[in-house]
Every structure is written in C-alpha cells, then in structure tokens.
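# Notes for the structure review
Spelled out, the chains give:
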Amino acid sequence: MKILSLHVYGYGKIVDKVIDTNMKFIQIYGENEAGKSTTMSFIHSILFGFPKRTDAEPRREPRMHNMYGGKLVVKFDDEKYPVEIERVKGKVQGDLKVYFKDGTVKGEQWLTKRLNHIDKKTYRSIFSFDVLGLQDIHTNMTEDRLQEYLLRAGALGSHEYDEMLTAIDKELATIYKKNGSVPTLNQEVDAIKEIAGRVKNIEANEARYTSLMNDRLSIEESLAHKRDSVNQLTLIHKQKMKEMMYHPEIIEWKNLEGKMTEAPVIFPEKGIERYIALKNKIAQTAQDIGLRNEKVKSIEADLAKIKIPKDDDIKALEGVLKKQPEFLQKSKELEQLKAESTALKKEIQSIRNDIGWKEDHLDVDDSNIVRDQVQSLLSQLDEVNLEEQYLMREIESVQAELKTIEQEIEMLTEEQVSDDRLNLKKELVDKEFELQEKERMYKVIRTEYDKETRERNKSRRILSYAIIAISAVLLLGGIFYMINDVMLLGIILTVLGVIGGAFYFVANRPTEDTVKVDYDSDVEELRTSIEEMKQANDLNFSLSDARDTKAWLKSQKQKKVNVTVKLDEMKRSLGEKEASKDRFNDDLHKIKEDLKINTNIENKFTVDAINSIRLIKEKYARIDEINTSIDEINAYKDEFKSSALPLLEAFGTDYNETNVFYEVDNLVTTMKEDRTKHVHLKDQLDLLVNEVDVLNEQNASSRIEIRDLFEVVDADDEEEFYYHARQYDEYSINKNRFEELTDKLNQEKFTHDVRTYLSSLIMSDLKSEEEEVSEQIDSFETQIQNEVAQLADINAEIKAMENDGALSELNHLYAIRKNDIQRLSEDYMSLMYIKVLIESHIKAVKDERLPVVVEEARNIFEYLTRGRYNNVSYDEKGGLRIRHSNGQIFQPSELSQSTKEMLYISLRFSLIKALKGYYNLPIIIDDAFVHFDKDRKKVIVEYLRSQVQDQALYFTCNLDSQIPSSQTIKLKEKV
C-alpha cells in the first residue's frame, strides 16, 4: 500500500491542508509544533479509527473548526486505480467510507479486511519507529533481557508478551514460592498446619466426647425417622380432611350421574330466541310495507309538478359558458395592456429626467462602438487610478523604509568597534584558546608523569628495602664475627653494612620536581598575559558580533542608495499617471456632449446612460405593440356580444357584459337541477316498489321458519313450544353442573372409583378415620419432644466439653483455611496455564519465523555497518551472536549504544520483509535516528531510499540536506 496524498479537513490545529506524499521515500521536515506528530496521528486515525475518549492518546478534535477528520488517497498493489479513504466525525471512532473510481462506496469492514485485520497498536509496534523505542534498549537491561527484547522485536514485533509474562510471574510470586514464607499460599499452609496440631491436642483426651457424639448421632437418626412418619401421617390427614370437605359435592356428582343416564331432551339451538326474533320481524315487516306505500303516492305527486327542459336549450347556454374563460382572459389582458402603456410612459419620463433629457433625442448614436469606447476609457481610467494609489502607498512605504535605514545606520555607526580593538580581541581569543589547549595537554602530560614517578618510586622502595636487608645482615654478621674473635672478617662485614646504609640514605634523598614547576610556570605566565591584556584594553565584547555589525553597516549603506534610486523612479511614474488621467477625463466629457446627456454625471455612469437611451427606444416600441393588441381585443368582445344577445333575449334576460355569464350559469344550473330531480324521484319510486315486493317475500319466509321450529319439538302452538323449552333448560343445567363437578374432582385427584367409594360412605365414617390418624400424629410428636429434650442435654454436655468452643472454633477456622488454600491453588494453576500457553505461542512463532528474520537481519546489519559486522546468528543456548569482520564474536550487550540500535533496526526491517505476504503497509519513522552520528544516519537514510521496497515516511525536526528537495516536504507554519 502506498499513501499518495493526505487531505486534513480538521485534525488538532491543522485545518484544510493537503500534503502530496506520492513518493517511495519522503522526508517530512518541521520545527517543534509544526504539526509532525499531529500528521502521524492523523494517518493512524484515518486507517484505524479516532482514539476513544478513554484512551491515553488525545483525540485531537479541532477547537476552532467544525470538520473533524479527513481522507487519504492510497494505492493498493492489486488495485488498478487509487481509492479514497475518508473518515469523519460520527460514532466514537468516526464514520468511514472508501470511494472507488467507478463510484462504488464501501465501509469499515472492507478496509479492516483489506489491511488483514491489523490494529493500530500492532501497526505501531511493527511499522513505526521512534527514538523512545530505541532508548528502551539501554534502560536497565541485563544480557538476558536485552536478548529477549531484540528477539521479540525480530520475531513478534511487539514486547507485549514480555510484559504479560512479567506480570504473571509477579502475580505467581505473590501467591506461592517453594521455600517462601511471605506469599499468601505459603502463609495459609503454615496456618492450617498449626490449626490441625491444636485440634489434635484437644481431641486426644476426649473419649467421653466421642461417646456423646455417637449418642447424638443415634438420637438424630431416630428423630429423622419419626419426623418422616409424622410427615407421611400429616399427608394422610390432609387427604382425609379433603375427602370430608368435598364429600357433599361427591354425593351431588353421584346423583347427577344417574340423571345423565336418561335420554336427552331435544330442542332447536337457541329456539326461543329465534322464535321471538321471527315473530318481531313479521310485525316490523308489515309496518314497513305500509310506510313505503305512502311514500310511493307522495313521489308520484312530485313527478307530476316537474317540467323537463330541452337538450338543445341546455347545449346552447353551455356553449356561451365555454367562452367565459377566454372572454375573461381577454378583458384582463385589456386592463393589463392599458396599465402597462401608462407605466411605460411614466418610466420613459423618469429615465429622461435621470440622464438630463428635457425632450426626446432618439437620433443620438448609442451603438456598441460608442459603449465599448466608453467602457475602454473607464477601464483605462480605473487602471490609472489604481496605479496612482499604489504608487502613492509605495512612495510612503519607501520613505518610511528610508527613514528606518538612516536611523539604523546612525545606530550601527555608534555601536561599531574600531579595527585596533578588533585585532586586540582576536589576539586575546587566540591566547585564550592556546591557554585551554596547554592546560589540557599539560593535564595529560602530568597524568603520565605522575604515573611514571609512582612506578619509579616503587622500584626505588624495593631497592631500598633490599639494601637495608643486606646492610642489616652484614652488620649482624660483622658483630657476630667480632664477638667470636674473627676481627678481620667482622670489620669487613661491618664496614660493608655501614656503606650499604649510607648508600640507602643517599638514594632516598628528596629531589625537586623541575618538570611540573616548568609546566605550571609556563601556564601561569600565559594566564597573566591574558589578564594584563584584558585590563589594559576594553575587550568586553563578542568578536563575531562586532564583525557582524561592521558587515551589516556596509550592507545598510548600500541598501540606502538602492532605496533612494527606487523612490525617485516612483515619483517620476506618478507624474506620468496623473497626465494620463487628465486625458481620459477629457475624452469622456466629449462623449457626454454627443449623447446630449448631463455632463455633470459621473464618468462611471456614462455606460448606464447609454443603456438608458436604448431602454427609452425599446419602451416606445413596446407601446406601439400594446396599442395593436388593444384594438384586437375590442374587436373580439364586439363579436361575442352579437352572438350571445339573441339567446339571452329568448329566455327574457338582458345582455350586461359584467354579469352575462352569471345569468347564463343560473339558467343552466336550474335546468339541470330540474332534470336531475326528475331522474332521482323516478329512481326512488322504482326502488320503493321493489322494496315492498322484497318485504312481502321475507314475511312469507319467516312464517315458514316458525312452522319448522314447532315441528322439531312436535308442538301445535306457542304455549306447547315454551313448555319444551323449559324441559331443555333444566336438562342443560344438570349437564353443565355434572361436567363442572367432574372437572373439579379430577383436579383434586379423585378418580371415578374413589368418588364412587366415597359416595357410599356417610360423613361420620370419614370423621372417625380422620380422628384415628390425628391420634397417631400426636403420639409421634410426643416421642419426638422427649428425644429432642435428650438431644439438647447431650448437646449441652458436648458444648461444655469443647473447651469453651475452642474445638468448634478451630474446626471452623480449619474449614475456612482449607477453602482459601483451594481457591489460591486454583488461581495459581490458572496463571501457570496461561503462562504455558503464552510461552508455547512465543516458541512456535520463534521456531517458524526467527530463522528467516535472523538471516535477513544479517544482510541488513552488514549493510548498515558497512561490513564491520558480517554475521548475525542465533541458537537456543547462546542466543544472538554478532561476528565482527576481524573474526571476534560479541554478545548484544557488548556492542556500543548506536550499534545495538542498528541491530534493533535491522531486526525490525527484517520482520517487515518477513511479513510482506501478510501486510504491505507504509513505514513511519518519527526522528528515530536523532542520536546517530552523521555517517550512520547517512547510511540508514540511504538504506531506506534504495533497499526498502515499502513506502517510508520520515518525520524529523533536523533537515537532512543530502535528501533531494523533491523528496522533502517542509511544514513551515507552526500549528
């Protein structure tokens, strides 16, 4: 993937900014606060979403702008055309749209899949470099930790697994250590051992306690058995109570069961309701027939009164009405035309007044040639005015600049240092530099001299000790021989011992250190010379500042000459512009006189005056057209009157232009209403006749249906029909009650056999059974009370024997500690399981990826170090090993700081190459090479430009002049 350009709508303090990044390698330079970090964060946010409000990273929402977000134009390797990735404010991480050239729009899911589901944190840990990541290499790292750090960078691209394992080890250490005493689990095990010992001591002498515990167990089992029996008897007692409660209903159910065996009563469904409805329907139908017959007579009388109009008369009147829209439109046009004519005449008079015409001059030349000539003169006049104003502003600006230069020359002249003082200052600087160099050199010489003196003194002390020892031996020998009367040998040895002692004192005589004295005097003499020069001359100024002041004074004097020449040239140009301005004004005055317009009109309104003359001519032409149209409309209205007048007179109506259509409309409406009323009454009459026939048929049908109802129960009259209905209602009530009782008793678990058996018993039998069960329950409860009293006595004795609750308390504490140990053990095993999973995953990734990464890192590291290191190898036992060109093998911790950083960068670049099949993303570098020297920085920039296949964006605040300007973007303005 390659980022072709960035368009920031609003992000941080950057607003509406476009950056072209269509290069493989690009240096983005900017000073502090120029927007480098904001631009990097913008790229991350567009690709992976805006930071959440709970994240440590700032969201960078613009404070002075409504738009938040922007877009990237990117080119994927397998896409023919670039796509636009736009993310703007919306949900927490923003609303994302991906625009394709064919107009297709896709969303977040497509981009996530296209980036192979990589997230922001992983992208930064693999494809992004900064100086903080390199500094971590030197932060309190042992050899093992440095090895792991570099291997993680090469195999995983992230140090999160290290952090997770460290956190797990720390948590495990707080839970348990094999021989520890502080961890929680160790303390719990010690505590439970102590409790178990105390319990064992208390229980050792308690045989009676064991016997009581057995008795308590036996009584508790007996109580449980008896309470079981009471529960069963209680259930039986409840059943007996329920049988007594439902016994009356069971008896009723049994009686109804006998009635249900008889033959059922047959009666029509809803027979009474149907009979009453039919009877009422017959009476209502007879009443409706009478009312409709009366209505028929009324309608026939109304029809006789209506006169039906002729169709030809209606059509003739409607023909007149059809002309109403056109007639009204013509009348309206006539009024508008008259009003327009009057308005045009007023407008013409107003325009004449505006341009200064007291009468019409329609023969003046208002052609385009004249108008273009005026516009050209006005344009030239405006141009001259602008140039004149510009020159006047420039002259004022140049005069102010000249005054400023003169003041600065005066000030610089006063501040200038003489040449003699400059030469003395230069001599003083040279001596001070000589003094610093001599002090540094003498310090080195003194160190070497002191070292040599110490070695020489050491040799002298050894020699002195040897001389003393030999002299002492000779003296002792001489004295020994003289005591033994060997005088000659004794004297010789004594003399030799004395000579040796004298030689020792001569050799250890102190000597003067002339070298040190000479060096010190030389330095002191130079220092005294410097101080004398400072006191004798006023040299308290900066040599570079004095030189800069002299050069600046010379520059300002030359600048004053240039500005003076420029001012004279501007004044000459201003005079020429004023002459041109007068000439253009004279030409415009002549054109106004030819047009007969007021010469006092401003020049800029001359073109408007020409347009006004043209407008007067156009309005006179329009007045002629209006007069023609008025004549045509008057002819149309005369023709309409001649055709409509005879028709209106036939119906006895006078012709009046204002209400003629109203009168005609009333005649047509009246005729149509009479015709419609006649048709409506005729339809009503036919409908009423039909309804009477239908009602008669319904009456006959109702009588047949009543006869059919009587035949179902074989009834001859209404009274007998009602008797059969009462018999049917009684049967239905008994049936419903029987079904209700059956459902109720079934819900209470009374089977048919049980109901039959209970119906054969009387209430006294059921009551005697219930009393027998109650007596058994009372007997058991008495026995339970006695055994509960015995159990209470035993418990009291046990409690007294438990050493005031000590044993119970210890047992309780033992159980609590045991549960705590179980819980801590489960936590410990869970953490161990997670640790094993992480280590297994790391080992699998390292086994698969690390050989490839290390092999590629060897080539990269050799390139970056210019062949000084020609091999990087790895094995499980020795870890990473680096071989120098001279054959020496080094551990990573033995390398220099910058070389370790080079190794780290090599592993990162190697990992990016290894992941090429999964991720093809741009590399972002945030001033990661700030600590490198010039040569190493040059090598790594050269590698990025020539060897790295992916796009690299190099953000820096130190401009690298070796990178071409075509590959450099400068963020000049601070944001």
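Residues numbered from 1 in each chain as written. Predicted model: local features only at pLDDT ≥ 70, side-chain atom pairs only at ≥ 80, totals over all residues. Heavy atoms only, no water.

### Description of the overall build of the protein
We count it as follows: Helix numbers and strand numbers start at the N terminus; a helix is a DSSP run of H or I with at least 4 residues, a strand a run of E with at least 2. Under the scheme applied here, a residue whose accessible area is under 20% of the maximum for its type counts as buried, over 50% as exposed, and between as partly exposed, the area being computed with a 1.4 Å probe on protein chains only. The method behind every accessible area is Shrake-Rupley, applied with a 1.4 Å probe, and residues are considered shielded solely by the protein chains displayed.
If you tally the helices and strands in the protein, you get 24 helices and 14 strands. For the protein, buried positions account for 35% of its 975 residues. When the accessible surface of the protein is split by element, carbon and sulfur atoms take 51% of a total near 60400 Å².

### Some remarks on the packing of helix H23 (residues 897-914) against helix H24 (residues 934-946)
Stated formally: Structural elements are reduced to axes, namely lines fitted to C-alpha atoms, with helices fitted over the stretch in contact, and the angle between N-to-C directions of any two is expressed from 0 to 180 degrees. To sort the angles, those under 35 degrees are grouped as roughly parallel, those over 145 as roughly antiparallel, those from 65 to 115 as roughly perpendicular, and the leftovers as oblique. The criterion used for residue contact is that any of the two residues' heavy atoms lie within 4.5 Å. All amino acids are sorted into three groups, where Ala, Val, Leu, Ile, Met, Phe, Trp, Tyr, Cys and Pro are nonpolar, Asp, Glu, Lys and Arg are charged, and the leftover types, Gly among them, are polar.
Put simply, H23 and H24 touch, their axes get as near as 12 Å, and they point 5° apart. What the angle tells us is that H23 and H24 run roughly parallel. Contacts between H23 and H24 involve Ser-898, Thr-899, Met-902, Ile-905, Phe-909 and Lys-913 on the former and, on the latter, Arg-936, Ile-940, Tyr-943 and Leu-944. Counted by class, the contact of H23 with H24 contains six nonpolar, two polar and two charged residues.

### Regarding the sheet that holds strand S13 (residues 952-956)
Note the following rule: We call two strands paired when DSSP finds no fewer than two bridges between them.
Pairing within the open sheet is parallel, and its five strands lie in the order S8-S12-S13-S3-S14. Two strands lie at the open edges of the sheet, namely strand S8 (128-130) and strand S14 (968-971), each paired on one side alone. On average, each strand axis in the sheet is inclined to that of its neighbour by 15°, with strand direction left out of account. Set on the sheet, helix H1 (residues 36-48) makes contact with strand S3 (25-30), strand S12 (923-926), S13 and S14; between it and S13 the angle comes to about 150°.

### Quick look at the sheet that holds strand S7 (residues 105-106)
The strand order across the open sheet built from six strands is S2-S1-S4-S5-S6-S7, with neighbouring strands paired in antiparallel fashion. At either margin of the open sheet sits one strand with a lone partner, and together these are strand S2 (14-20) and S7. Strand direction decides the pairing type here: strand S1 (residues 2-11) and strand S4 (residues 69-75), joined by seven bridges, are antiparallel. Of the residues in S4, the one forming a bridge with Val-8 is Gly-70. Packed on one face of the sheet, H1 meets S1, S2, S4, strand S5 (83-88) and strand S6 (95-99) and runs near 100° to S1.

### Side note on the packing of helix H9 (residues 271-305) against helix H19 (residues 718-747)
At a minimum axis separation of 10 Å, H9 and H19 run at an interaxial angle of 150°. Judged by the inter-axis angle, H9 sits roughly antiparallel to H19. Contact with H9, carried on its side by Gly-271, Ile-272, Tyr-275, Ile-276 and Lys-279, involves Glu-718, Phe-721, Tyr-722 and Ala-725 of H19 and no other residues of that element. By residue class, the composition of the contact of H9 with H19 is six nonpolar, one polar and two charged.

### Comments concerning the packing of aromatic side chains
Inclusion rule: Planes of paired rings set the category: under 30 degrees apart is stacked, over 60 is edge-to-face and the rest tilted, where pairs are Phe, Tyr or Trp rings (Trp by its six-membered ring) whose centres lie within 6.5 Å. Each ring is checked for a lysine NZ or an arginine CZ that lies within 6 Å of its centre and within 35 degrees of its normal; such an atom marks a charge sitting over the ring.
Applying the stated criterion across every chain, the model contains 13 aromatic pairs. Relative to Phe-890, the ring of Tyr-869 lies with its centre 6.4 Å away and its plane at 70°, an arrangement referred to as edge-to-face. Of this pair, Tyr-869 sits in strand S9 (residues 869-875) while Phe-890 sits in strand S11 (residues 889-890), placing them 21 residues apart in sequence. Comparing Tyr-869 with Phe-890 shows no difference in burial state: the two are buried. The ring of Phe-76 carries the charged tip of Arg-114 above its face, separated from the ring centre by 4.3 Å.

### Examining the UniProt feature "transmembrane region" (unreviewed entry) in the protein
Threshold: UniProt positions are given in the numbering used here, feature names are shortened, and annotations may be inferred rather than shown by experiment.
Per the UniProt record, "transmembrane region" (unreviewed entry) is annotated on residues 462-481 and 487-507. Structurally, residues 462-481 is divided into 100% helix and 0% strand, and its ends, taken at the C-alpha atoms, are 29 Å apart.

### Things to note about the nonpolar core
Put simply, the rule reads: In these notes, a set of buried Ala, Val, Leu, Ile, Met, Phe, Trp, Tyr and Cys residues joined through side-chain atoms within 4.5 Å is what counts as a nonpolar core.
Leu-72, Ile-85, Phe-127, Phe-909 and Phe-929 are the most contacted members of the largest nonpolar core, which totals 77 residues. In contact with Phe-909, other than residues within four places in its own chain, are Phe-129, Ile-860, Ile-923, Tyr-943 and Leu-944. Among the nonpolar cores identified, the runner-up in size contains 28 residues, and Val-364, Leu-377, Ile-610 and Ile-613 belong to it.

### A look at a negative patch on the surface
To be explicit about the condition: Nonpolar side chains (Val, Leu, Ile, Met, Phe, Trp, Tyr) are joined into patches within 5 Å and like charges within 9 Å, using only residues with over 30% relative accessible area and no salt bridge. By convention in these notes, a salt bridge is any Lys or Arg side-chain nitrogen within 4 Å of a carboxyl oxygen on Asp or Glu. Neither His nor the chain ends is counted toward charge; the positive residues are Lys and Arg and the negative residues Asp and Glu. Charge placement uses NZ in Lys and CZ in Arg. For Asp and Glu, CG and CD serve respectively.
On the surface, a cluster of negative charge is contributed by Glu-705, Asp-708, Glu-711, Asp-714, Asp-716, Asp-717 and Glu-719. When residues in the negative patch are grouped by element, the largest group, three residues, is from helix H18 (residues 660-712). Tracing the chain through its elements places Asp-714 in the loop between H18 and H19. Judged by relative accessible area, Asp-714 falls into the exposed class, the value being 60%.

### Some remarks on the pattern of salt bridges
Applying the stated criterion to the full structure yields 24 salt bridges. A salt bridge links Arg-124 to Glu-57, with the shortest nitrogen-to-oxygen separation between them at 2.9 Å. A residue pair is termed long-range when its members are at least 10 positions apart, and Arg-124 in helix H3 (residues 120-127) and Glu-57 in the loop between H1 and S4 qualify at 67 residues. Linking Arg-572 and Glu-569 is a salt bridge whose minimum nitrogen-to-oxygen distance equals 2.2 Å. Of this pair, Arg-572 and Glu-569 both sit in helix H16 (residues 543-594), three residues apart, which is roughly one turn of that helix. Its relative accessible area of 43% is what places Arg-572 among the partly exposed residues. One network of salt bridges, with partners in common, ties together Glu-57, Lys-120 and Arg-124.

### Regarding the UniProt feature "coiled-coil region" (unreviewed entry) in the protein
The sites that carry the UniProt feature "coiled-coil region" (unreviewed entry) are, in the present numbering, residues 327-354, 381-455 and 728-804. Span residues 327-354 is 100% helix and 0% strand, its end C-alpha atoms 41 Å apart.

### Description of the pairing of S1
Counting buried residues in S1 gives eight out of ten residues, a clear majority hidden from the surface. The sheet contact formed by S1 and S2 spans six bridges and is antiparallel. Bridging across to S2, Tyr-11 finds its partner in Ile-14. Hairpin connection from S1 to S2: two residues lie between these consecutive antiparallel strands, with Gly-12 at a positive phi of about 65°.

### Considerations on H1
How we decide: How far a helix is expected to stretch is found by multiplying one less than its residue total by 1.5 Å.
With 13 residues, H1 extends 19 Å between its outermost C-alpha atoms, agreeing within 8% with the 18 Å of an ideal straight helix rising 1.5 Å per residue. Among all positions in H1, only Lys-36, Thr-38, Thr-39, Met-40, Ser-41, Phe-42, Ile-43, His-44, Ser-45, Ile-46, Leu-47 and Phe-48 are buried. Once H1 ends, the next one or two residues include Gly-49, with phi positive near 105°.

### Some words on H18
In a regular helix each residue adds 1.5 Å, so 53 residues correspond to 78 Å; H18 covers 78 Å between its end C-alpha atoms and thus fits that length. Taken from the residues just after H18, Asp-714 is the one with a positive phi, measuring 60°.

### Observations concerning the environment of Gly-490
Looking at the secondary structure, you find Gly-490 in helix H14 (residues 487-507). Residue Gly-490 is classed as buried on the basis of its relative accessible area of 0%. Beyond its immediate chain neighbours, meaning those up to four positions away, Gly-490 contacts Gly-478, Tyr-481 and Met-482.

### Quick word on the pairing of S13
Quick note on the threshold: If you view a crossover with the strands going away from you and the path from the first strand over the helix to the second runs clockwise, you call it right-handed.
S13 sits mainly inside the fold: five of its five residues count as buried. Taking every second residue as pointing to the same face, both faces of S13 are buried, with Ala-952, Tyr-954 and Thr-956 on one and Leu-953 and Phe-955 on the other. Of the pairings in the sheet, the one linking S3 to S13 comprises five bridges and is parallel in character. Residue Tyr-29 lies in a different strand from S13, and its bridge partner there is Thr-956. Bridge count for S12 against S13 is four bridges, and the pairing is parallel. Each bridged residue has a counterpart across the sheet, and for Asp-926 the counterpart in S13 is Phe-955. Crossover S12 to S13 through H24 is right-handed.

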